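Inside the fold
Listed here are the chains, written in short residue letters.
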Amino acid sequence: MGMDGGGKLPYSYAAHQDGGKLVKSFSRVEPRKFGLALVAGFLLVTCAYFSTAKFDAIHIAMISPISSNAAGISSLVGAATADTSNSTQRLDLGKHDPDALSMSEAGSNAEVLDKDDGKASSSAPDSGRNAPLEDTRRDETFVGDSGDASSAAANPAAAGGKGEAVPAKDDDASAAGLLPPVSSEEAANSTQESGVLEDEELKVQDAVANPSKRSNASSSSSSSAATAATTSSSNGSSPSVVHSDPAILPAPAQQIPPAMQDVKALAEQHVPAVPEVKQADSEAPAREWKPLCDITSNRRIDWCELDGDVRVLGPNASVTLVAPPGADDRTFRAESWRIKPYPRKADPNAMHVVRVVTVQSVSGEAPACTDRYDVPALVFSDRGYTGNYFHAFTDVILPLFLTARQYSGEVLLLVTDLRAWWVGKFEPVFKAISNYELVDLDKDPRVHCFRHVQVGLTSHDDFSIDPRRAPNGYSMLDFTKFMRATYGLPRDVAAADPTKRPRLLLIARARTRRFVNTEEIVRGAERLGFEVVVSEGTHEVAPFAELANSCDAIMGVHGAGLTNMVFVPTGGVVIQVVPLGGLEFVAGYFRGPSRDMGLRYLEYRITPEESTLIDQYPRDHPIFTDPNGIKSKGWESLKDAYLDKQDVRLDMKRFRPTLKKAMAHLRKAKAKANGGGNN
């Protein structure tokens, strides 16, 4: 067919109808419009492509470690580049690459964070903003066991299919070399440890000198950390964490990388620490000065303690502490005290016969030593009321035990106002307390020098010890054991022999407060089953101590004779008969102490009809009706009326229940002792 005018091609129906329509449509499009459409389509595809790449980059950045420096930005760019390559593979649908499909599946799995306890988190960007602080910090650290992380990144299916696949990069190896994993094998090999430390230092310096390497290392390490954390969480194990990325440390020369710290810590486990060298005792600072004497804390006695160069001179009754060389006002002060070393400081009648001892500290000249001792010394007086048997114990013997027993004999006793007869009476006690002869301080001209001296004995109360304040927790039980051992007494426990009747010691006073019906008392006690021994006592302590120890019970009117209960075996009985006159307060001298000694205490208070005062005064006399009025006139008035002029005539019918209680206690103690012996 020929061509029509105008140069246009005519319609042709030789081709297929559809093909004809297509040719017709193209023939009507001008070339210029076709070019614009082509450019617009290209731009649309390009925008779609970069939009997808940007979304993936944001997704990877949110689950990667968040850093405020260049290393963090490099991590974001690295992640975006990696996902760009993945997107390219996904757009090329004509290629069927298994690896590409695997990466695509792993990318879809990355949209869900780690699952703890089977609960899935929200989308990646939100999770990155709202993640707990602990998880964020965990993502910012490296997992120590990087070998597991590498295997999880290479093969997500091997990690349980739940791990996050991170694209492998060429600089992953350099990141692993910058912070090598710490394994138990490397910790065990000291040669490898030293090599690792040197390599670490070189690589840290190199990372600081090359910021680009630090960026790559940070990006690679962050990806490895995220993958390893996911793997560890899937396996239910707790990853080993190395704190801080050394690639971003401001001054590596001043701070050791964390991985190196862990290696060093493991290496030091096999190296014993060098012990700290303490200052010698001679270099220790001197103690701050405290007063030599205490005159306020104890109501019974003033006492002093001196430590250092202490010199005791008997003729002038002085105890002097000499200042050490180089002493100052903080460690030494000059003082002077006047002390009477006897435990009745509130009683002028007792104290007026006690010699004053001068206790002082001086920084000048002092008497030269004639005798030096390596043991401490005690300074005390044996005057006051010590002529009385009870006061001998409560004022000297018991305080001496309380103060000196702790030294186990290695102590020197310096006695002022010494009376030879009195010391001889209690000689076994002094020998048991000290391994050295007593020093009569008043007559000894020597200058005795010690490192420690105590002036005045420790005293708690009358015939009593407070274990809470005593050295080594001493008690009255300890004192009675000491006294029985001192006098070689055999019985420690009362009523232990089932073949013998319980033995009762009846103390018969010679002058005042006597039992005037002693024979009647003996018969009544024997009818109840006692074997009764009557004794007035002697000047010698040892014979009466043996007698008291052979008995299970001791009985007497209030007086010093009851002091011998210290020799009665533990578990025995003490019966104190209290005279008329409101003397219950003086009965307390034996009431409490007997119980502290492990003895059963029974107290019997007589009636006016049981007192011989009824024979001297009418029944309406103030001595019966107003004993407090007589007491108010003073001790001498009380003593004269009720202690010196009164004897006792027991009403056995009234007194019998007290004896029954004593017998019942001893029988019970005997049964217990026999039962324990059979077991």
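First, a word on what this report is: a plain description of the structure on this page. Bear in mind the structure is a predicted one, so any value in this text is a computation, not a measurement.

Looking only at helices and strands, the chain features 24 helices and 17 strands. Expressed as a percentage of the 679 residues in the chain, the buried residues total 41%. Look at the contacts in the chain between residues 6 or more apart in sequence, and 76% of them connect residues 24 or more apart. Put simply, the chain shows about 37200 Å² of open surface, and 53% of that area lies on carbon and sulfur atoms.

Right, let's talk about the nonpolar core for a bit. Grouped together as the largest cluster of nonpolar side chains are 98 residues, with contacts concentrated most on Phe393, Phe426, Phe479, Phe567 and Leu650. Looking at this core element by element, the count peaks at 11 residues for helix H14 (residues 389-404). For this core, the two domains that each supply at least three residues are domain 1 (292-470) and domain 2 (481-675). Apart from the residues within four sequence positions on either side, phenylalanine 479 is in contact with Phe393, Ile397, Leu398, Phe401, Ile465 and Val566. Ala323, Ile339, Val357 and Val375 belong to the second largest nonpolar core, which has 24 residues in total.

With respect to the helices and strands, aspartate 309 occurs in strand E4 (residues 303-313). For the pair aspartate 309 and proline 324, spaced 15 residues apart in sequence, the C-alpha separation works out to 7.6 Å. Those residues in contact with aspartate 309, other than ones at most four positions away along the chain, are Thr320, Leu321, Val322, Phe450 and Arg451. A distance of 2.8 Å separates polar atoms of two side chains, one belonging to aspartate 309 and the other to arginine 311.

In this section: the side chain of serine 594. Counting through the fold element by element, serine 594 comes out in helix H20 (residues 584-596). At 2.9 Å, the side chain of serine 594 and the backbone oxygen of phenylalanine 590 are in polar contact.

This part takes up helix H23 (residues 635-643). Looking only at H23, the buried set comprises Leu638, Ala641, Tyr642 and Leu643. End-on view of H23: buried residues confined to an arc of 155°, all on one side of the axis. Residues of H23 that are buried sit in contact with H20, helix H21 (622-625) and helix H22 (627-631).

Looking now at the pairing of strand E10 (residues 412-416). Burial of E10 is extensive: five of the five residues sit out of reach of the surface. What you see with E10 is no split at all: Leu412, Leu414 and Thr416 on one side and Leu413 and Val415 on the other are buried throughout. You can see the chain leave strand E9 (residues 377-381), run along H14 and come back into E10, and the turn it takes is right-handed. Where E10 meets strand E11 (residues 439-440), two bridges bridge the pair, whose relative direction is parallel. If you follow leucine 414 over to E11, its bridge partner there is valine 439.

Assignment of secondary structure puts arginine 654 in helix H24 (residues 652-678). Owing to a relative accessible area of 36%, arginine 654 belongs among the partly exposed residues under this scheme. With 48 residues separating them in the primary sequence, arginine 654 and isoleucine 606 have C-alpha atoms 9.4 Å apart. At 2.7 Å, the side chain of arginine 654 and the side chain of tyrosine 604 are in polar contact. A distance of 3.1 Å separates a polar side-chain atom of arginine 654 from the backbone oxygen of arginine 605.

Time to look at the packing of aromatic side chains. This model, assessed by the stated rule, comprises 16 aromatic pairs. On the numbers, 4.7 Å between centres and 10° between planes, the contact of tyrosine 373 with phenylalanine 450 is stacked. With tyrosine 373 in the loop between strand E8 (371-372) and E9 and phenylalanine 450 in strand E12 (residues 447-455), the pair connects residues that are 77 residues apart, well separated along the chain. With a centroid separation of 6.5 Å and an interplanar angle of 80°, the aromatic rings of phenylalanine 463 and phenylalanine 590 are classed as edge-to-face. One end of the pair, phenylalanine 463, is in the loop between E12 and helix H17 (476-486); the other, phenylalanine 590, is in helix H20, with 127 residues separating them in the sequence.

Should the charged atoms of two oppositely charged side chains come close, the side chains can pair. Evaluation of the coordinates by the stated rule reveals 24 salt bridges. With its nearest N and O atoms 3.5 Å apart, the salt bridge here joins arginine 300 to aspartate 395. Taken together, the residues span a long stretch of sequence, with arginine 300 in the loop between strand E3 (293-294) and E4 and aspartate 395 in helix H14 at a distance of 95 residues. Just as arginine 300 is buried, aspartate 395 falls in that class too. The closest approach of N and O atoms between lysine 645 and aspartate 640, which form a salt bridge, is 3.5 Å. Residue lysine 645 is classed as partly exposed on the basis of its relative accessible area of 38%.

Conventions and cut-offs
Residues numbered from 1 in each chain as written. Predicted model: local features only at pLDDT ≥ 70, side-chain atom pairs only at ≥ 80, totals over all residues. Heavy atoms only, no water. Helix = DSSP H or I, 4+ residues; strand = E, 2+ residues; numbered from the N terminus. Buried < 20%, exposed > 50% of the residue type's maximum accessible area, 1.4 Å probe, protein only. Contact = heavy atoms within 4.5 Å. Areas by Shrake-Rupley, 256 points an atom, 1.4 Å probe, with all protein chains shown as cover. Core = buried A, V, L, I, M, F, W, Y, C linked by side-chain atoms within 4.5 Å. Domains from an automatic or database assignment. Polar contact = N/O pair within 3.5 Å; in protein donor to acceptor, adjacent residues only side chain to side chain. Arc of directions from axis to C-beta. Right-handed = clockwise from strand over helix to strand, strands pointing away. Pairing = 2+ DSSP bridges. Phe/Tyr/Trp six-rings, centres within 6.5 Å; stacked < 30°, edge-to-face > 60°. Salt bridge = Lys/Arg side-chain N within 4 Å of Asp/Glu carboxyl O.

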